[in-house]
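The lines below spell out each chain.
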Amino acid sequence: MSTATTPAGVPGRGAAVPDASEKIARTGVPGQRVGAADADEVPRYAPQWLQLREGADAAARAAELLDPLRIRLANRPGRGGDLVIHDLGCGTGSMGRWLAPRLDGAQHWILHDRDPYLLHFATVGAPRAAADGSRVTVTTQRGDIGRLTADALADASLVTASALLDVLTGEEIDRLAAACAGAGVPALLTLSVVGRIELAPADPLDAEFGEAFNTHQRRGELLGPDAITAACEAFGRYGATVRVYPSPWRLGPDEAALTEEWLRGWVGAACEQRPDLAARAESYLHSRLTACAAGELRVVVHHSDVLVLPGPTGGAV
């Protein structure tokens, strides 16, 4: 999941960093959910940004978690039928395009998102075949995933999400854990930020911008970089086994377009959190974008993936 509606207000296009009025237009902050201008409108994430990051997401996801997941799915109760996979906050559907061709057997994906615009993109781009050539079908369900219940997952074989945990509150993560435990369903939750960024060559300001960005991700009650720890604790309270594996973006010259957009949003969010950084942000961002364009910049954005395997009873302990 990521941000807003148009690229026009991305930091560095026109002004070097955004002011508060530009928040809705920014598209570059990984994992950030930006509200609509009207309270009745649906918050929107730019499909352009989601498409731009899809390759890096696919390369980063922890394939090491797939074997234990396959074993659990192969031994699920009632395994003679199709896999039913609920993809939460599906965006443009990148999780399904990555995972469906890596699992055997017929699959039915239920794509959840609040934004009907993104659900359209996800449906059009949905995979058609599993790893063994079995059919893959999709339906969509618009709604607030923060209110998910065990009853809503009664038919589920698996719950998935990508870049979701870090834009949830502690209460929402606990509700998700309770729903999965109550339904006895495993979950594969990928690409949550963990608050560590590496840039090479290094700059003395890297740490200061990184710290401000992390604080911005924790705004309000959102968990941001604390989400992985909170999720492990929440699912653990319901008797699940939780496996965590690193899933970093490793961005070099081949990912220059993604790095550029990520940089603009990263610096912009840091300045929104700490306006005193704005005086230094313009020269810092210019230097970083110049190095990026020259193929001289390397960035590692650290994430973690989580595989949740429910306990034998699938309920709370």
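The structure under discussion appears in the preceding block.
Residues numbered from 1 in each chain as written. Predicted model: local features only at pLDDT ≥ 70, side-chain atom pairs only at ≥ 80, totals over all residues. Heavy atoms only, no water.

**Concerning the overall build of the chain**
Next, step 1: Within the chain, the secondary structure is distributed over nine helices and eight strands.
Next, step 2: The burial tally for the chain puts 53% of its 317 residues in the buried class.
Next, step 3: Of all intrachain contacts in the chain linking residues separated by at least 6 positions in sequence, the fraction that spans at least 24 positions is 81%.
Next, step 4: Put simply, the chain shows about 13,100 Å² of open surface, and 51% of that area lies on carbon and sulfur atoms. (Helix = DSSP H or I, 4+ residues; strand = E, 2+ residues; numbered from the N terminus. Buried < 20%, exposed > 50% of the residue type's maximum accessible area, 1.4 Å probe, protein only. Contact = heavy atoms within 4.5 Å. Areas by Shrake-Rupley, 256 points an atom, 1.4 Å probe, with all protein chains shown as cover.)

**Description of the pattern of salt bridges**
Next, step 1: Applying the stated criterion across every chain, the model contains 13 salt bridges.
Next, step 2: In this structure, the salt-bridge partner of R274 is D276, at a minimum N-O distance of 2.6 Å.
Next, step 3: Take R274: its relative accessible area is 27%, and that puts it in the partly exposed class.
Next, step 4: A relative accessible area of 45% means that D276 is categorised as partly exposed.
Next, step 5: One continuous salt-bridge network, built from bridges that share partners, spans E208, R274, D276 and R280. (Salt bridge = Lys/Arg side-chain N within 4 Å of Asp/Glu carboxyl O.)

**With respect to the pairing of strand β1 (residues 83–88)**
The side chains of a regular strand alternate, first on one face of the sheet and then on the other.
Next, step 1: Across the six residues of β1, six count as buried, placing the element largely inside the fold.
Next, step 2: Judged by which residues are buried, β1 turns out to be covered on both faces: L83, I85 and D87 on one side and V84, H86 and L88 on the other are all buried.
Next, step 3: Looking at chain direction, β1 and strand β2 (residues 107–113) are connected through five bridges and run parallel. By the bridge assignment, L83 is partnered in β2 with Q107.
Next, step 4: Where the polypeptide runs from β1 across helix α3 (residues 94–99) and back to β2, its parallel neighbour, the crossover connection is right-handed.
Next, step 5: Relative to strand β4 (residues 158–162), β1 runs parallel, the two being bridged by four bridges. Paired with D87 across the strands is T160, a residue of β4. (Pairing = 2+ DSSP bridges. Right-handed = clockwise from strand over helix to strand, strands pointing away.)

**Details of the environment of E282**
Next, step 1: By the secondary structure assignment, E282 is in helix α9 (residues 278–293).
Next, step 2: Judged by its relative accessible area of 52%, E282 is exposed.

**Some points on the nonpolar core**
Next, step 1: By size, the foremost hydrophobic cluster in this structure holds 32 residues, and its most contacted members are F209, W249, W262, L263, W266 and V267.
Next, step 2: Looking at this core, the elements with two or more residues in it are α1 (47–60), β5 (187–200), α6 (206–217), β7 (249–251), α8 (256–273), α9 and β8 (298–309).
Next, step 3: The leading source of residues in this core is α8, at eight residues.
Next, step 4: With 31 residues, the next largest nonpolar core counts L164, L168, A187 and L189 among its residues. (Core = buried A, V, L, I, M, F, W, Y, C linked by side-chain atoms within 4.5 Å.)

**A look at unusual backbone geometry**
Next, step 1: Here the residue pair A200 and P201 is connected by a cis peptide bond, since its omega of 0° sits within 30 degrees of zero.
Next, step 2: Phi at A163 takes a positive value of approximately 50°, unusual for a residue other than glycine.
Next, step 3: With respect to the helices and strands, the residue A163 is situated in the loop between β4 and α5 (170–183).
Next, step 4: The class for A163 is buried, based on a relative accessible area of 2%.
Next, step 5: Even without being a glycine, L191 presents a positive backbone phi close to 60°.
Next, step 6: Examined against the element boundaries, L191 turns out to sit in strand β5.
Next, step 7: For L191, a relative accessible area of 1% corresponds to the buried category.

**What about the environment of Q141?**
Next, step 1: Following the sequence through the fold, Q141 ends up in strand β3 (residues 136–142).
Next, step 2: With near-sequence residues (within four places) excluded, Q141 lies in contact with I110, L111, H112, D113 and L119.

**Here we look at the pairing of β2**
Next, step 1: Among the seven residues that make up β2, seven are buried, leaving the element largely enclosed by the rest of the structure.
Next, step 2: Side chains Q107, W109, L111 and D113 of β2 all project onto a buried face; the interleaved residues H108, I110 and H112 project onto the opposite face, where all are buried too.
Next, step 3: In this fold, the crossover linking β2 to β3 by way of helix α4 (residues 116–124) has right-handed handedness.

**Some points on the packing of α1 against α8**
Next, step 1: It is at 10 Å that the axes of α1 and α8 come closest, and there the two elements cross at 125°. Here α8 runs oblique to α1, going by the angle between their axes. For the crossing formed where α1 meets α8, the hand is left-handed. The residues of α8 that touch α1, namely those facing W49, L52, R53 and A56, are A257, L258, E261 and W262.
Next, step 2: Across the contact of α1 with α8, the residue classes tally to six nonpolar, no polar and two charged. (Axes fitted to C-alpha atoms, helices over the stretch in contact; angles between N-to-C directions. Parallel < 35°, antiparallel > 145°, perpendicular 65-115°, else oblique. Left-handed = near helix turned anticlockwise from the far one by under 90°. Nonpolar A, V, L, I, M, F, W, Y, C, P; charged D, E, K, R; others polar.)

**Some details on the packing of aromatic side chains**
The geometry of an aromatic ring pair comes down to the distance between the two centres and the angle between the two planes.
Next, step 1: The tally for this structure, following the rule as stated, stands at five aromatic pairs.
Next, step 2: With 5.1 Å between their ring centres and 85° between their planes, Y117 and F121 make a pair best called edge-to-face. With Y117 and F121 both in helix α4 and four residues apart, this pair spans about one turn of that helix.
Next, step 3: When its relative accessible area of 37% is taken as the criterion, Y117 is described as partly exposed.
Next, step 4: Owing to a relative accessible area of 28%, F121 belongs among the partly exposed residues under this scheme.
Next, step 5: Look at W262 and W266: their rings are 5.0 Å apart centre to centre, the planes differ by 20°, and that puts the pair in the stacked class. (Phe/Tyr/Trp six-rings, centres within 6.5 Å; stacked < 30°, edge-to-face > 60°.)

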